[in-house]
Amino acid sequence: MSSPGSPATPGPAPGPQVDPAFAWVQDPELVAIYDVENAGGWDHEFYLELLEELGARRVADVGCGTGVLGVLLAQHGIRVVGVDPSAAMIDVARSRSARAGVDAQISWIHGFADQLETGGVDAVVMEGHVAQYFLDRADWDGVLAAAWRALSPGGHLAFESRNPAALELDAWDAESTRETQPHPAGGEFTSWMEIAGVRPDTVDGQLITARAHNLLPDAREIIAEETLRYRPLDVLRASLTDAGFEIQQIWGDWDREQLSEDSPEMIFLAQKPLR
C-alpha cells in the first residue's frame, strides 16, 4: 500500500465490467456451453435476410456474444463490428472468425456500444434477446442513444424481445427444458432450467431470473443465473420514439407473422431519419 500523499503505482487499466447479474459470461466453461446452445437458427437467417433487403453493407452487432451471427453476415459480404463486454465471448468470436477466414470483414470490440464509431454503420442489430439484458431504464436508453450515434442517417436498428403477454412460466422447469447435446471438449452435457425469481414492475416490465443447470461429461454440475427485463410493447415503442427512431415494423415471430397478443416475440425494425 502506498503511504499517504504518495502517488500510487498505476496498475493495468480495468476492462469492461459485466453486470453481476450476468457473471456467468466470464466463465469459459459456461461460455463454451452457451456457444453450443446458441449455434444459430431461424433468428440468424431472419437478420441476414433483413439486412440484405435493407442493403446494409456495414453492420454493428451489439452484444455479439461468441460471434455466430457476425461471422454469418461476414460470409455474405457484410462488414461487421461486433461488441460485447465479455472477454470470454470475444475470445471465442475471434477464434470463430479466424477459422472461417473472414477476419478482414470483422472487427471485434471488448466493450460497450458507446465505443462504436459515430455514423459508421448502416444498421445496428441486437440479436439473442440482447435488448433484455439492459435491466435499468438508463442503460436501455443509453444503448439506444449509442445505436443512434453509430448509425448513418437513414440507417436501421433491429432487435427482438420476448413478448411478456405470452410467457408461460410454468413451462420453465427441468421436465420441459432438459436437453442433452455434444460437449465441445468431448462427450455430452445435459442442461435444464428453472425460474429462480420474478420481480414485478408495472412501469418498465417484470424482471425474471432463470437458473440454468449444466451437467458436464465429467459429472460436475455447474449452475448459472441471469436476470432479464421483459418490457411490454408500449414501453419499447415509447423508448424508441424518445430516442428519435421511427418504428417501421414489429413482427411477432421469425416467419414475419403479424404481432398479436400471443406472439412469442416482438421483433422491431426502426429507422434513424435521414434528417
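Further up the page is the structure itself.
This write-up is about the structure you can find in this document. (Residues numbered from 1 in each chain as written. Predicted model: local features only at pLDDT ≥ 70, side-chain atom pairs only at ≥ 80, totals over all residues. Heavy atoms only, no water.)

The next thing to look at is the environment of Ser-263. Turning to its location among the elements, Ser-263 is positioned in the loop between strand E10 (246–251) and strand E11 (265–271). You can call Ser-263 buried: its relative accessible area is 1%. Spatially, the C-alpha atoms of Ser-263 and Glu-194 are 22 Å apart, while their sequence positions differ by 69 residues. Discounting residues that sit within four places of it in the chain, Ser-263 has contacts with Asn-163, Ala-166, Gly-252, Glu-257 and Gln-258. Engagement of the side chain of Ser-263 in a polar contact is seen with the backbone nitrogen of Ser-260, the distance being 2.8 Å. (Helix = DSSP H or I, 4+ residues; strand = E, 2+ residues; numbered from the N terminus. Buried < 20%, exposed > 50% of the residue type's maximum accessible area, 1.4 Å probe, protein only. Contact = heavy atoms within 4.5 Å. Polar contact = N/O pair within 3.5 Å; in protein donor to acceptor, adjacent residues only side chain to side chain.)

It is worth spelling out the pattern of salt bridges at this point. For the structure on display, the rule yields 14 salt bridges. Between Asp-141 and Arg-137 there is a salt bridge, with its nearest N and O atoms 2.9 Å apart. Of the two residues, Asp-141 and Arg-137 both sit in helix H5 (residues 137–150), four residues apart, roughly one turn of that helix. A relative accessible area of 33% means that Asp-141 is categorised as partly exposed. (Salt bridge = Lys/Arg side-chain N within 4 Å of Asp/Glu carboxyl O.)

Moving on: the sheet that holds strand E9 (residues 221–230). Spatially, four strands are ordered E6-E7-E8-E9 in an open sheet, and the strand pairing comes out antiparallel. One side of each edge strand has no neighbouring strand; the edge strands of this open sheet are strand E6 (179–182) and E9. The mean inter-strand angle of the sheet, taken between neighbouring strand axes irrespective of direction, is 30°. Of the pairings in the sheet, the one linking strand E8 (residues 206–215) to E9 comprises 10 bridges and is antiparallel in character. (Pairing = 2+ DSSP bridges. Axes fitted to C-alpha atoms, helices over the stretch in contact; angles between N-to-C directions.)

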